[in-house]
Amino acid sequence: MNAIVRRLEEIFGRETFGLLVLMAVMVAAYSLATPQFLTARNLSSMGFQAPLLGLLTLAMLAPMISGGLNLAIIYTANISGLALAWVLLQFGGPDAGMFAVILGSLAAVAVGAIAGAVMGAVIAYIGAHPILVSLAMMIFLRGLGEFLTRGGDISGFPPSLAVLGHGTLYGLPVPLLLFALVALAWHVMLRRSRHGFAVYMVGSNIRASEYSGIDTKRTLVLIYTLSGVICAIAGILMAARFNSVRVGHGEALLLVTVLAIFLGGIDPFGGHGKVAPVIIAILILQILSSGLNLVGANQHLATAVWGLFLIAVMILRSDQVAALFRRKE
């Protein structure tokens, strides 16, 4: 049995294998607790819900691997959604055609990229700490969004946009397919591209990266620019899912993205981490939330359990506990 476990750990990696085991245990437990868990309706609902958290987590991923942090992901998504809404309203709101949707989406991506590029430039060229820079950008974008919307919602979008948030393709939720494409692109970028190599190098030791010839300033700007682009995609998805745009949409997901990344094995000090374990961590958190909802638990309990998850992961990854397990082996 131990040989089989070791072989599976070699194939998947210890981090990924442990998360797969945890996910299998949770699925089995909820399946026994309620017959509704493995129904097509529940699985489809999870497929529509998880991608938003997934996209926001991917937006946080590269900055954390580089040793930084992007606290502005939620409000970057919201301000990008406002850009999309503004374009749609100019073309008639509910009567806007596909051209307006495409143009609005491009405007949203441009806004997200600009917000990310500004953060990256300040971090790279001024030398300010990523936490302070992203916190300042978060406050700025929140204030700007509340000023533009007067604290209210903007709604009334064309049916063609709703397909992105509620449609299916070959029986699969469109948001899930969108998330899968972005996650695949993110994986290829981090593991197969020169920029991805630079991200890990910067996260490991930015001074050594400079000495080795890596343009660290350009890398940092690009990291946060791409993070802003992913935030914009999340903002577009939020607008399609909720059929409205509001500055406060998704506020509760900020800390959950940090939990998903940490649960997925990303080193909070940078230089280490993969996309696949983070995706599994996102699925685990979605399974936890959906399962608690089906068994009749208060939805706020999921937030409390997420917090316990984070504490448990930190304990299990502490040097003392890791040394204890090594001695037992």
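This one's a predicted model, so the numbers in the text were calculated from it and none came from an experiment.

J.: Can you walk me through the overall build of the protein in this structure?
T.: The helix and strand inventory of the protein stands at 15 helices and 4 strands. Against the globule reference of 20 Å for 329 residues, the protein gives a C-alpha radius of gyration of 20 Å, in line with a compact fold. The dimensions of the protein, computed from C-alpha atoms along their principal axes, are 65 × 60 × 35 Å. Out of the 329 residues belonging to the protein, those deemed buried represent 47%.

J.: Even after reading the chapter, I still don't get helix α3 (residues 40-65), so can you show me in this structure?
T.: Residues separated by three or four positions in an α-helix point in the same direction, a consequence of the helix having 3.6 residues per turn. With 26 residues, α3 extends 36 Å from end C-alpha to end C-alpha; this agrees with the ideal 38 Å at 1.5 Å per step. At Ala-50, α3 shows its largest bend, some 30°, and a proline, Pro-51, comes one to four positions later. Taking burial as the measure, the 26 residues of α3 include 20 buried ones, the bulk of the element. Positive phi shows up at Gly-67, right after α3, with a value of about 90°.

J.: Is there a simple way to explain the nonpolar core in this structure?
T.: One recurring pattern in soluble globular proteins: nonpolar side chains tend to sit buried together. Core analysis: the largest hydrophobic core is formed by 92 residues, its most contacted members being Leu-58, Leu-61, Leu-161, Trp-186 and Leu-190. Ranked by residue count, the leading element in this core is helix α11 (residues 216-242), at 13 residues. Contact partners of Leu-61, with chain neighbours within four places excluded, come to Trp-186, Leu-190, Ile-261, Ile-266, Val-275 and Val-278.

J.: Can you walk me through the side chain of Asn-42 in this structure?
T.: Along the polypeptide, Asn-42 turns up in helix α3. Taking relative accessible area as the criterion, Asn-42 reaches 9% and is therefore assigned buried. For Asn-42, the residues in contact, after removing those within four places along its chain, are Gln-36, Phe-37, Ser-290 and Leu-294.

J.: What is the right way to look at unusual backbone geometry in this model?
T.: Trans is the common state for peptide bonds, and a negative phi is the common state for residues other than glycine. At Arg-150, a residue that is not glycine, the phi angle is positive and equals roughly 55°. Positionally, Arg-150 belongs in the loop between α6 (130-149) and β1 (154-155). Judged by relative accessible area, which is 66%, Arg-150 ranks as exposed.

J.: I would appreciate a short explanation of the packing of α3 against α11 in the present structure.
T.: To characterise two packed helices, one gives the angle between the axes of the helices and the distance between these axes. Axis separation between α3 and α11 bottoms out at 8 Å; the angle between their running directions is 165°. Relative to α11, the element α3 is oriented roughly antiparallel. In terms of crossing hand, the pair formed by α3 and α11 is left-handed. In this structure, α3 uses Phe-48, Gln-49, Pro-51, Leu-52, Leu-55, Leu-56, Leu-58, Ala-59, Ala-62 and Pro-63 to contact α11, whose residues at the interface are Ile-223, Tyr-224, Ser-227, Ile-230, Cys-231, Ile-233, Ala-234, Leu-237, Met-238, Arg-241 and Phe-242.

J.: I keep staring at the confidence of the model for the protein and nothing clicks. Help me out?
T.: Parts of the model with low pLDDT should not have their predicted coordinates read in detail. On average, the protein scores 87 in pLDDT, and the residues at 70 or more come to 91%. Scored below 50 in pLDDT, residues 320-329 shows 4 contacts in the model against residues more than four places distant or in partner chains.

J.: Just checking my understanding: could you explain the pattern of salt bridges for this structure?
T.: Any two side chains of opposite charge can pair if their charged atoms end up close together. For the coordinates displayed, the defined rule picks out 4 salt bridges. The closest approach of N and O atoms between Glu-146 and Arg-142, which form a salt bridge, is 3.5 Å. Here the residue Glu-146 and the residue Arg-142 both occupy positions in helix α6, the gap between them amounting to 4 residues, near one helical turn. Residue class for Arg-142 comes out partly exposed when judged on its relative accessible area of 38%. Glu-210 is paired through a salt bridge with Arg-207; the nearest N and O atoms lie 4.0 Å apart. A residue pair is termed a helical-turn pair when its members lie 3 or 4 positions apart in one helix, as Glu-210 and Arg-207 do in helix α10 (residues 206-211) at 3 residues. Residue class for Glu-210 comes out partly exposed when judged on its relative accessible area of 35%. Each of the salt bridges in this network shares a partner with another, and the network as a whole consists of Arg-142, Glu-146 and Glu-251.

J.: What should I look at first to understand a nonpolar patch on the surface in this one?
T.: There is a patch of nonpolar side chains on the surface, built from Leu-308, Ile-311, Met-314 and Ile-315 and spanning about 390 Å² of accessible area. Take Ile-315: it is sitting in helix α14 (residues 299-316). With a relative accessible area of 48%, Ile-315 lands in the partly exposed category.

J.: Please clarify how the packing of aromatic side chains should be interpreted in this entry.
T.: Both the distance between ring centres and the angle between the ring planes are used here to describe each pair of aromatic rings. In this structure the tally under the stated criterion is 2 aromatic pairs. Between Arg-150 and the ring centre of Phe-147, over which it is positioned, the NZ or CZ distance is 5.0 Å.

Criteria and cut-off values
- Residues numbered from 1 in each chain as written.
- Predicted model: local features only at pLDDT ≥ 70, side-chain atom pairs only at ≥ 80, totals over all residues.
- Heavy atoms only, no water.
- Helix = DSSP H or I, 4+ residues; strand = E, 2+ residues; numbered from the N terminus.
- Rg over C-alpha atoms; globule rule 2.2 N^0.38 Å.
- Buried < 20%, exposed > 50% of the residue type's maximum accessible area, 1.4 Å probe, protein only.
- Expected span 1.5 Å × (residues − 1).
- Bend = angle between axes of the 7 residues up to and from the residue.
- Core = buried A, V, L, I, M, F, W, Y, C linked by side-chain atoms within 4.5 Å.
- Contact = heavy atoms within 4.5 Å.
- Axes fitted to C-alpha atoms, helices over the stretch in contact; angles between N-to-C directions.
- Parallel < 35°, antiparallel > 145°, perpendicular 65-115°, else oblique.
- Left-handed = near helix turned anticlockwise from the far one by under 90°.
- pLDDT = per-residue confidence, 0-100.
- Salt bridge = Lys/Arg side-chain N within 4 Å of Asp/Glu carboxyl O.
- Patch = residues over 30% accessible without salt bridge, like charges linked within 9 Å, V, L, I, M, F, W, Y side chains within 5 Å.
- Areas by Shrake-Rupley, 256 points an atom, 1.4 Å probe, with all protein chains shown as cover.
- Phe/Tyr/Trp six-rings, centres within 6.5 Å; stacked < 30°, edge-to-face > 60°.
- Lys NZ or Arg CZ within 6 Å of the ring centre and 35° of its normal.

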